[in-house]
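Structural characterization, general
Listed below, chain by chain, are the residues.
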Amino acid sequence: MGEERNYAEAVTLTEPEKQPTERISQYSVVTKAMEHHSLMSRYDSLKRNMSEAGLEFGARVLLIGPPGTDFEAFSHHLCREVPLKLVRFKMEEILNEAKRGSELIRVGFEFARRNSPTVMLVERMDAVAPSNSDQSAILLDEITRTSWDEEEVLVIGTTTRPNDIDAELLSGFDRTYIIEGTSLEDRVRILEQVLKNREDIDPTAVAELTDGWSFTSMKRLAVSLFMSEINETGQIPREQIEEIIENSGVIPLSNPRFLDSVIRRTAGTTQPPMDALSSEYPDDFLDQLYLMAVGENYAETQRIIEVLNDGMPLSKSDREFLAKHPYLLNGSPEDRLTRLLRAKKSSDRLHRIMGR
């Protein structure tokens, strides 16, 4: 097999001018890229002093974030601004067990060094180089001997599962940037960019209703909203926006809370409303809320809990009751019954003390 064919099998190369000029990016990731760009510029002015002191900049970057994170925004920003060529592995080749993954890793890094200045992007490191594998050892060796100082290669690794990567490999990076999910500003910016001609949709209202959604899910929702009918009578009310989101068919399944609600729904239990899914109540406070509901109407509280636990359809009056007591949606069926009985005992004791 010829050398050029080896390279073609392992990686792709994108010139800076071939990077898209318009891109919907996760702003919090772009800010991390801007921060790293500033470090690289600072290194340029200190390069001689650092070399004389025997110090290495390295510039190797590890990006860790939840599923659906826009990791690519980091490399895209640097490739356009520095500028740099982008080298990335062909995942279908490097994950093909019939091929020699370790050899392709070496080929890819050699290609990046020969075409510098480049970004060597290693996506899904947990899959490319899982713990205790030959690929992990080879990747660590290649990362260790590839740096910005000597080869003008910026290594960027990404993962959503750092626990599945060897600690030694994780320690091979000079900088680690943590992306904690989409911020409110991230979500507003995505919506503003996609819906810039939709005056009937308030991006801030949508962003506030989608706390916990990943970048990928937000982009899909924005596309869905873009394709929806325009409201000719003015801006859509918040309540209607919530209904549109729930009926869009876009569900942030990368978020365990939402995925759990889907699993419970398909198992025959009732799916809580979107706002209830994102609410969490401290145990002591939750007990007080149950006591309040029992004191107001024990029979109705017990009936609603039985309906929820049996996965039965909710009537209009049931929904009205839950609107006043949304915390009843939290927890497992056993947890609801336990809290109900505990609240009933406390309520009865209070009534006895007060002589009722």
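The structure presented is a predicted model; accordingly, all values stated were derived computationally and were not measured. (Residues numbered from 1 in each chain as written. Predicted model: local features only at pLDDT ≥ 70, side-chain atom pairs only at ≥ 80, totals over all residues. Heavy atoms only, no water.)

Some words on the sheet that holds strand β2 (residues 61-64)
- With respect to topology, six strands assemble into an open sheet ordered β1-β3-β4-β5-β2-β6, the strand pairing being mixed. Bordering the open sheet on either side are β1 (11-14) and β6 (175-178), each of which pairs with just one other strand. Recorded for the sheet is a direction-independent mean angle of 20° between the axes of neighbouring strands.
- When strand β4 (residues 118-122) meets strand β5 (residues 153-159), the two strands line up parallel, connected through five bridges. By the bridge assignment for β5, Leu 121 is matched with Ile 156.
- Its contacts with the sheet place helix α5 (residues 101-114) against β1, β3 (85-89), β4 and β5, and it is angled at close to 175° to β3. (Pairing = 2+ DSSP bridges. Helix = DSSP H or I, 4+ residues; strand = E, 2+ residues; numbered from the N terminus. Axes fitted to C-alpha atoms, helices over the stretch in contact; angles between N-to-C directions. Contact = heavy atoms within 4.5 Å.)

Topic: the environment of Leu 329
- Take Leu 329: it is sitting in the loop between α17 (316-324) and α18 (333-353).
- Along the backbone, Leu 329 and Ile 304 are 25 residues apart, and their C-alpha atoms lie at a distance of 9.9 Å.

Looking at the pattern of salt bridges
- Going through the model one piece at a time under the given rule, you end up with 26 salt bridges.
- Across the salt bridge formed by Lys 324 and Glu 296, the nearest N and O atoms sit 3.1 Å from each other. Within this pair, whereas Lys 324 is found in helix α17, its partner Glu 296 is found in helix α16 (residues 283-310), the two being separated by 28 residues in sequence.
- Under the relative-accessibility criterion, Glu 296 is labelled partly exposed at 43%.
- Taken together, the shared-partner salt bridges connect Arg 106, Glu 110, Arg 113, Arg 114, Asp 141, Glu 142 and Arg 145 into one network. (Salt bridge = Lys/Arg side-chain N within 4 Å of Asp/Glu carboxyl O. Buried < 20%, exposed > 50% of the residue type's maximum accessible area, 1.4 Å probe, protein only.)

Observations concerning the packing of aromatic side chains
- If you walk through the whole model with that rule in mind, you get four aromatic pairs.
- For the pair Phe 74 and Tyr 177, a centre-to-centre distance of 5.7 Å together with 40° between the ring planes defines the contact as tilted. Of the two residues, Phe 74 sits in helix α3 (residues 72-81) while Tyr 177 sits in strand β6, which places them 103 residues apart along the sequence.
- A relative accessible area of 0% means that Phe 74 is categorised as buried.
- When the centroid spacing of 6.3 Å and the interplanar angle of 50° are considered together, the rings of Phe 89 and Phe 109 count as tilted. Of the two residues, Phe 89 is situated in strand β3 and Phe 109 in helix α5; the sequence distance between them amounts to 20 residues.
- By relative accessible area, Phe 89 is classed as buried at 5%.
- A relative accessible area of 0% places Phe 109 in the buried class. (Phe/Tyr/Trp six-rings, centres within 6.5 Å; stacked < 30°, edge-to-face > 60°.)

Looking at unusual backbone geometry
- Residues Val 82 and Pro 83 are joined by a peptide bond in cis, for which omega reads -10°.
- One can find Pro 83 in the loop between α3 and β3.
- A cis amide bond, omega 5°, links Ser 116 with the succeeding residue Pro 117.
- Assignment of secondary structure puts Pro 117 in the loop between α5 and β4.
- For Ala 59, which is not a glycine, the phi torsion comes out positive at approximately 70°.
- Accessibility expressed as a relative area gives 1% for Ala 59, which makes it buried.

Some words on helix α10 (residues 184-194)
- All buried positions along α10 are accounted for by Asp 186, Arg 187, Val 188, Ile 190, Leu 191 and Val 194.
- Among the structural elements, α2 (27-52), α11 (203-208) and α12 (215-227) are those in contact with the buried residues of α10.

Overview of the packing of α10 against α12
- Between α10 and α12, the least distance of the axes is 9 Å, while the angle of their chain directions is 30°. Seen from above, α10 lies across α12 with right-handed handedness. Contacts between α10 and α12 involve Arg 187, Ile 190, Leu 191 and Val 194 from the former and Phe 215, Met 218, Lys 219, Ala 222, Val 223, Leu 225 and Phe 226 from the latter.
- Of the residues that constitute the contact of α10 with α12, the class distribution is nine nonpolar, no polar and two charged. (Left-handed = near helix turned anticlockwise from the far one by under 90°. Nonpolar A, V, L, I, M, F, W, Y, C, P; charged D, E, K, R; others polar.)

Quick word on the packing of α2 against α3
- Relative orientation of the contacting elements α2 and α3 amounts to 45°, with a least axis distance of 8 Å. The pairing of α2 with α3 is recorded here as oblique in orientation. Between α2 and α3 the crossing geometry is right-handed. Contacts between α2 and α3 involve Val 29, Val 30, Lys 32, Ala 33, Met 34, His 36, His 37 and Met 40 from the first element and Ala 73, Phe 74, His 77, Leu 78 and Glu 81 from the second.
- In the contact of α2 with α3, the residues fall into eight nonpolar, three polar and two charged. (Parallel < 35°, antiparallel > 145°, perpendicular 65-115°, else oblique.)

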